[in-house]
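# Architecture at a glance
In case you want the letters, here they are:
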Amino acid sequence: MQSLISDNIVRKRFSVEELQITAEEVESLARMDENLPSYAGFIEDELLGRLKNASIQGGYLIEPAEVVDETIIIEGNNFEVGPTIAGALSNSEQVAFFVCTAGNEISERVNELNAKGDWLEAYLVDVMGSVMVETAMDKLQAIIENECVANGLRITNRYSPGYSGWNVKEQALLFSFFPEKFCGITLSDSCLMHPVKSVSGFIGIGTKVRYRKHACSQCNATNCIYRNSKKHCDFSHLNG
Amino acid sequence: MEELFEQLAYCIEYGKINKPSPFPPDMKDKDGADEITQQLLNEGISADDILQKALIVGMEKVGVKFRENKVFVPQVLMSAKAMDAAMAHLKPHFANSPGSQKGTFIIGTVEGDLHDIGKNLVAMMVEGNGYEVIDLGTDVKAEKFIEAAEQYPGAVIGLSALLTTTMNNMEEITKAIKSHNRNIAICIGGAPVNQDFCDKIGADSYNPDPQGVVEFLNKTVE
Ligand code: B12
C-alpha cells in the first residue's frame, strides 16, 4: 500500500474570507430564534472587520498506526481511545494527527464585548470562533483527504481526545508529536488548549476505512446543546 | 400598579430593554424595562417590591423556558440585558439598605479552566433572581473561593468546569473549601459534571441548568 508518511509536518494558514462563513450558519448554531432580531449585519461586520486578520491555522502529520482492541499504537505510543473510536478506526493503516486554531483574536474580542455589557454580541463572536475553527478544520481535512485519494486511500471521520470514551488527557501525548507552540497553540496541565478556539485529534487512513455521516439519533451526547439543531451536524466537535 | 409589575415582568421575559430597542417587535415604541422601572420608583414603589414582584417573576419564566428548551442562550442574554437596565435603577437603593437582596452567590470557573459562557449564564440568572453575585472569573484557585467566602459569610459557592480534567480540580477545590468550613454550601455544574460526581466529591448540589441553582438557593438561603 501507498505510504504517506514523511517527516514533514504540513502547516496551513487560512484567511477568514476563504472560510466563507455565513451569518446564517452562525445564527443557526447560536440558536437565534426566528422571533429574535437578525444580527446578520453585526456578524458580517465582525468577520470583515475585527476578525478579518484572525490567525487561523492548522497542521498535520501522518504516521503509521496499528489498532489493537481499544488501543491505537503509533510509533510505540499507546492511545487508549475506547471502543467507539477504535471501532471506527479499525482498518486504519496510518493516522493523520491534527491541530487547528481560530487564533486568540476571538477571545480578545469576546472579552471586549462582554466588558461593554454586549453579552449577546459577545456570545455570537464566541460562536463565530467555534464555526471558524471547525470550518478551518474541514478545509484541513479536505487537504488530507485529497492527498489520500490521490494515493488510492480513504479517510475516516476526525476524532478528538475528550470524546466518545477517549480521555482528554491523551492530548498531551498527541501534542508530543508536534513541535512546541505549533501553530501558536499551547497545552496546559489540565489539557486546555490556548487559544480556546482550538481543536486536536486524528483521522484514520487506509484502503478499507469508511467515512460516516453524523446522525444525532446515533450520538450518545443527549445533553448536547446542538442536538437536532438545523445545521450543526456538519461540525464534528460541535455535535458531542 | 399590578399592571405595571406585569408589564415589567414581560419586558424581562422577552428582553425589551428600553423604548428604542426594536425587540420584541410587538412592543415596538413601547416602554421597556428601563422606563417602567423608573416609573415605578417615581410612584414610590420600593426597589425590593420591584425586584420581587416584577423582575424575579420575569427572570424565573425565562429560566424555566430555558430548562425546557423553549428558548436558547441568545434569548436568556436579551433578558439579562433588560434585567441589567432595570437593576441599574435599583442598585443605588439596595446599596442603602444592605440585606434587601436574598443572599450572596460566589461563582467561578475552576482552576485550569477558561470556559465562561456557562458560568456567565448561571451568574446572570442567579442575579436576576434577586441574589448578589460575586463573579470570580475563570481559572479560580481554591484559596480565592475561600477568601471570598470569608468576606461574605453565609454565601453559597458555585463551581463551573467544562473538561473532565478540570473536574478533578473541582474535586480538590470542593475538598479544600469543605475542610476550611464544612458549612459552606457548594453547587457544581458544567457539561461533563453529573449527580454521581457531585455525591462523590461531597458537593451539596449538582444542576444541569441555571434554574436548578436558583431553586437550590431559594431552598437553602434564608
Ligand atoms: C462549542 C464547543 C467547543 C468549541 C469552543 C470551545 C469554547 N468553549 O469556546 C471548540 C470547537 C473550540 C471546542 C474544542 C474542544 N472541546 Co469542546 N465543546 C463545545 C460544546 C459543543 C459546547 C460548549 C458551550 O459553549 N456550551 C454552551 C454553554 C452555555 O453551556 P455550558 O458551558 O455547558 O453551561 C451550561 C451548563 O453546563 C450549566 N453550568 C455551567 N456551569 C455551571 C455551574 C454551576 C454551578 C451550575 C449549577 C451549572 C452550570 O449551565 C449552563 C447553562 O445551561 C461542548 C458540548 C456541549 N454540548 O456542551 C463541547 C465540550 C465542552 N468539548 C469537549 C472537548 C473534549 C473539547 C476538546 C478537548 C476537543 C479537542 N481535543 O479538540 C477541545 C478543547 C478546546 C480547548 N481550548 O482546550 C467536551 C469536554 C468533555 C471532556 N471529555 O472533557 C465537550 C463536553 C463535548 C463532549 N465530548 O461531550 N469545543
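The name an unreviewed UniProt entry gives chain B is Corrinoid protein, with Carboxylicivirga sediminis as the organism. Recorded in UniProt for chain B, the comment headed Sequence similarities (unreviewed entry) runs: "Belongs to the methylamine corrinoid protein family."

Taking an unreviewed UniProt entry as the reference, chain A is identified by name as AdoMet activation domain-containing protein belonging to Carboxylicivirga sediminis.

## Side note on the site of the ligand
Taken together, 42 residues form the shell around the ligand, and within it Met-193, Val-196 and Lys-197 of chain A together with Ser-160 and Thr-164 of chain B come nearest. Close to the ligand, residues of chains A and B are found. A distance of 2.8 Å separates a nitrogen atom of the ligand from a polar atom in the backbone of Val-196 of chain A. Put simply, the parts of the chain that give the shell around the ligand at least two residues each are helix 6 (119–150) and strand 10 (198–206) of chain A together with helix 5 (117–128), strand 3 (156–160), strand 4 (186–189) and helix 9 (210–220) of chain B. Element by element, the count of residues in the shell around the ligand is highest for helix 5 of chain B, at four residues.

## Thoughts on helix 3 (residues 40–48) of chain A
All names here are of chain A. Every buried residue of helix 3 is listed here: Phe-42, Ile-43, Glu-46 and Leu-47. The arc that holds the buried residues of helix 3, viewed along the axis, is 130°, so those residues lie on one side. Exposed side chains of helix 3 directed beyond 90 degrees from the buried face belong to Asp-45 and Leu-48. Buried residues belonging to helix 3 abut helix 1 (16–19), helix 2 (23–29), helix 5 (105–115) and helix 6.

## Examining the domain arrangement of chain B
Residue and element names in this part refer to chain B. Parsing chain B into structural domains produces domain 1 (2–95) and domain 2 (104–220). Spacing between the C-alpha centres of domain 1 and domain 2 amounts to 26 Å. Taken together, the contact between domain 1 and domain 2 spans 16 residues of the former and 12 residues of the latter. Summed over both sides, the interface between domain 1 and domain 2 buries roughly 1,200 Å², with carbon and sulfur atoms accounting for 69% of that surface. For the pair domain 1 and domain 2, the number of links is three residue pairs in polar contact (both at pLDDT 80 or more). In terms of residue class, the side of domain 1 that touches domain 2 is made up of 12 nonpolar, one polar and three charged.

## Remarks on the sheet that holds strand 1 (residues 10–14) of chain A
All names here are of chain A. Strand order in the open sheet formed by five strands is 1-2-6-10-7, and the pairing between neighbours is antiparallel. Two strands lie at the open edges of the sheet, namely strand 1 and strand 7 (154–159), each paired on one side alone. The average undirected angle you get between the axes of adjacent strands in this sheet is 20°. Sheet topology places strand 2 (residues 56–64) next to strand 6 (residues 94–101); eight bridges connect them, and they run antiparallel. Paired with Gly-58 across the two strands is Cys-100, which belongs to strand 6. Running at roughly 35° to strand 2, helix 6 makes contact with strand 1, strand 2, strand 6, strand 7 and strand 10 of the sheet.

## What to know about the interface of chain A and chain B
With 24 residues of chain A in contact, the opposing surface of chain B contributes 26 residues. At the junction of chain A and chain B, the tally comes to one salt bridge. When the shortest N-O distance is used, the salt bridge between Asp-118 of chain A and Lys-81 of chain B registers 3.5 Å. The tally of links between chain A and chain B comes to three residue pairs in polar contact (both at pLDDT 80 or more). Top element by residues in the side of chain A that touches chain B is helix 6 of chain A. It accounts for four residues. Grouping the constituent residues of the side of chain A that touches chain B by class yields 12 nonpolar, seven polar and five charged.

## A few points about the pairing of strand 2 (residues 132–135) of chain B
All names here are of chain B. Here strand 1 (residues 104–109) pairs with strand 2 via four bridges, running parallel. In the strand pairing of strand 2, Ile-107 is matched with Asp-135. A crossover connection joins strand 1 to the parallel strand 2 through helix 5; in handedness this β-α-β unit is right-handed.

## Observations regarding the nonpolar core
Across soluble globular proteins, nonpolar side chains have a tendency to be buried as a group. In terms of nonpolar packing, the biggest core is built from 85 residues, with Met-132 of chain A together with Ile-50, Leu-55 and Leu-90 of chain B touching the most fellow members. The element contributing the most residues to this core is helix 6 of chain A, with 16 residues. When residues of this core are sorted by domain, at least three fall in each of domain 1 (2–95) and domain 2 (104–220) of chain B. Once you skip the residues sitting within four places of it in the chain, Met-132 of chain A turns out to touch Val-16, Leu-19, Ile-21, Leu-47, Leu-51, Ala-54, Ile-56, Ala-102 and Ile-106 of chain A.

## Points about helix 5 of chain B
Spanning 12 residues, helix 5 of chain B covers 16 Å between terminal C-alpha atoms, matching the ideal 16 Å at 1.5 Å per step. Just downstream of helix 5 of chain B, Gly-130 of chain B is the residue with a positive phi angle, here 95°.

## A look at the packing of helix 1 (residues 2–14) of chain B against helix 2 (residues 33–42) of chain B
Residue and element names in this part refer to chain B. Between helix 1 and helix 2, whose axes approach to 9 Å, the crossing angle comes to 150°. On the basis of the axis angle, helix 1 is roughly antiparallel to helix 2. Judged by the twist between their axes, the crossing of helix 1 over helix 2 is left-handed. Contact with helix 1, carried on its side by Leu-4, Phe-5, Gln-7, Leu-8, Cys-11 and Ile-12, involves Ala-33, Ile-36, Thr-37, Gln-39 and Leu-40 of helix 2 and no other residues of that element. For the contact of helix 1 with helix 2, a count of residues per class yields eight nonpolar, three polar and no charged.

## Comments concerning the packing of aromatic side chains
Going through the model one piece at a time under the given rule, you end up with 10 aromatic pairs over all chains. Aromatic pair Phe-79 of chain A and Phe-202 of chain A: ring centres 5.6 Å apart, planes at 85°, arrangement edge-to-face. Taken together, the residues Phe-79 of chain A in strand 5 (residues 77–80) and Phe-202 of chain A in strand 10 connect sequence positions 123 residues apart. No difference in accessibility class separates Phe-79 of chain A from Phe-202 of chain A, as the two residues are buried. Taken together, a centroid distance of 4.6 Å and an interplanar angle of 35° make the contact between Trp-166 of chain A and Phe-202 of chain A tilted. Taken together, the residues Trp-166 of chain A in the loop between strand 7 and helix 7 (171–175) and Phe-202 of chain A in strand 10 connect sequence positions 36 residues apart. When sorted by exposure, Trp-166 of chain A lands in the same class as Phe-202 of chain A, which is buried. Aromatic ring contacts, followed pair by pair, group Phe-79, Phe-97, Trp-166, Phe-177 and Phe-202 of chain A into a single cluster. Its end group placed over the ring of Phe-72 of chain B, Arg-31 of chain A keeps NZ or CZ at 4.0 Å from the ring centre.

Conventions adopted
Residues numbered from 1 in each chain as written. Chains lettered and ligands numbered in written order. Predicted model: local features only at pLDDT ≥ 70, side-chain atom pairs only at ≥ 80, totals over all residues. Heavy atoms only, no water. UniProt positions renumbered as here; feature names shortened; annotations may be inferred. Near = heavy atom within 4 Å. Polar contact = N/O pair within 3.5 Å; in protein donor to acceptor, adjacent residues only side chain to side chain. Helix = DSSP H or I, 4+ residues; strand = E, 2+ residues; numbered from the N terminus. Buried < 20%, exposed > 50% of the residue type's maximum accessible area, 1.4 Å probe, protein only. Arc of directions from axis to C-beta. Contact = heavy atoms within 4.5 Å. Domains from an automatic or database assignment. Buried area = accessible area lost by both parts, 1.4 Å probe. Nonpolar A, V, L, I, M, F, W, Y, C, P; charged D, E, K, R; others polar. Pairing = 2+ DSSP bridges. Axes fitted to C-alpha atoms, helices over the stretch in contact; angles between N-to-C directions. Salt bridge = Lys/Arg side-chain N within 4 Å of Asp/Glu carboxyl O. Right-handed = clockwise from strand over helix to strand, strands pointing away. Core = buried A, V, L, I, M, F, W, Y, C linked by side-chain atoms within 4.5 Å. Expected span 1.5 Å × (residues − 1). Parallel < 35°, antiparallel > 145°, perpendicular 65-115°, else oblique. Left-handed = near helix turned anticlockwise from the far one by under 90°. Phe/Tyr/Trp six-rings, centres within 6.5 Å; stacked < 30°, edge-to-face > 60°. Lys NZ or Arg CZ within 6 Å of the ring centre and 35° of its normal.

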